[in-house]
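Report on the structure
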Amino acid sequence: DTIRFKRNEMLIEGDQTKKYKIADVDSATFTDNTIHPKGDFSDTVGKVVIEMVYVEGGTYTRGCDDCAEQDKKYETPSHQVTVSDFFICKYEVTNELWNAVMGTTSNFWEKGKAPKIGVSWFEANDFICKLNEKTGRTYRLLTDAEWEFAARGGKKGVPLNHKYAGSDDADE
């Protein structure tokens, strides 16, 4: 198959040609592929510290078979997903970190410690490339499966099968 990227879209050509619209991604979700001992670590860009948390891999059930009708299109059938060990940034990418990596300054409404928002997939990948240059590491965006696994509490949280991230109560 051939994968081609245009601004805000991806075209996969092969037995079946599919065209996908690229949506915004969460700029907070990145990991480091560099081999580390099993444990948290930090990195610094300028004066901004990036705290990375070790997540032990595992298997979880993704999707649901008894979900609401409007969710069935995207959530069925449920299936087992296994993720390898990875690292996740402890906090969302802030405007402060974005500016340190990208060499930009915030608008008056973008406060330093506030999460960076409105970032496209292409901008997020540009951020990762520049972060790699500045740190000498190999960071990448998390996969959707890694993000969901971490949000469920990782290997320790998955057996509890919480409805929401870390709890069955949406208000926690």
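Scroll up to find the structure.
Everything quoted here is computed from the prediction, not taken from an experiment.

It is worth spelling out the environment of Val 48 at this point. Along the chain, the position of Val 48 falls in strand 6 (residues 48-55). Considering only alpha carbons, one finds Val 48 and Ala 100, 52 residues apart in sequence, at a separation of 7.3 Å. Sequence-distant contacts of Val 48, defined by excluding residues within four places in its chain, comprise Asp 43, Glu 96, Leu 97 and Ala 100.

Pairing of strand 5 (residues 41-45) with strand 6 involves 5 bridges; the strand directions are antiparallel. Looking at strand 6, one finds that Val 45 is bridged to Val 48. Pairing of strand 6 with strand 9 (residues 86-89), which is carried by 4 bridges, proceeds in the antiparallel orientation. Bridge pairing in strand 9 links Val 53 to Ile 88.

Considering soluble globular proteins, one finds that nonpolar side chains tend to be buried as a cluster. One finds Ile 50, Met 52, Leu 97, Val 101, Phe 127 and Leu 131 to be the most contacted residues of the largest nonpolar core, which totals 20 residues. Val 81, Val 83, Phe 86 and Phe 149 belong to the second largest nonpolar core, which has 9 residues in total.

What follows is about a negative patch on the surface. Judged by side-chain charge, Asp 168, Asp 169, Asp 171 and Glu 172 come together as a negatively charged surface patch. In this structure, Glu 172 sits in the segment after helix 5 (154-157). Of the residues examined, Glu 172 reaches a relative accessible area of 70% and is grouped as exposed.

A few words on the packing of aromatic side chains. Applying the stated criterion across every chain yields a total of 5 aromatic pairs. Judged by centre distance (5.1 Å) and plane angle (75 degrees), the ring pair of Phe 41 and Phe 87 falls under edge-to-face. With Phe 41 in strand 5 and Phe 87 in strand 9, this pair connects stretches of sequence that are 46 residues apart. Like Phe 87, Phe 41 is buried. Aromatic pair Trp 121 and Phe 122: ring centres 5.0 Å apart, planes at 85 degrees, arrangement edge-to-face. In this structure Trp 121 comes out as partly exposed when scored by relative accessible area, which is 26%. Taken together, the ring pairs in this structure connect Phe 41, Tyr 54 and Phe 87 into an aromatic cluster.

What follows is about the sheet that holds strand 5. The antiparallel open sheet is built from 3 strands, whose spatial order is 5-6-9. The outermost strands of the open sheet, each flanked by one partner alone, are strand 5 and strand 9. Within this sheet the neighbouring strands show an average axis-to-axis angle of 30 degrees, counted without direction. Strands strand 6 and strand 9 of the sheet are contacted by helix 4 (residues 144-151), whose axis makes an angle of about 75 degrees with strand 9.

Taking 1.5 Å of rise per residue, the 15 residues of helix 3 (residues 121-135) would be expected to cover 21 Å, and the 21 Å separating its terminal C-alpha atoms lies within 8% of that figure. Phi for Gly 136, located one or two positions after helix 3, is positive at around 75 degrees.

Parameters at a glance
Residues numbered from 1 in each chain as written. Predicted model: local features only at pLDDT ≥ 70, side-chain atom pairs only at ≥ 80, totals over all residues. Heavy atoms only, no water. Helix = DSSP H or I, 4+ residues; strand = E, 2+ residues; numbered from the N terminus. Contact = heavy atoms within 4.5 Å. Pairing = 2+ DSSP bridges. Core = buried A, V, L, I, M, F, W, Y, C linked by side-chain atoms within 4.5 Å. Buried < 20%, exposed > 50% of the residue type's maximum accessible area, 1.4 Å probe, protein only. Patch = residues over 30% accessible without salt bridge, like charges linked within 9 Å, V, L, I, M, F, W, Y side chains within 5 Å. Areas by Shrake-Rupley, 256 points an atom, 1.4 Å probe, with all protein chains shown as cover. Salt bridge = Lys/Arg side-chain N within 4 Å of Asp/Glu carboxyl O. Lys, Arg positive; Asp, Glu negative; His and termini not counted. Charge placed at Lys NZ, Arg CZ, Asp CG, Glu CD. Phe/Tyr/Trp six-rings, centres within 6.5 Å; stacked < 30°, edge-to-face > 60°. Axes fitted to C-alpha atoms, helices over the stretch in contact; angles between N-to-C directions. Expected span 1.5 Å × (residues − 1).

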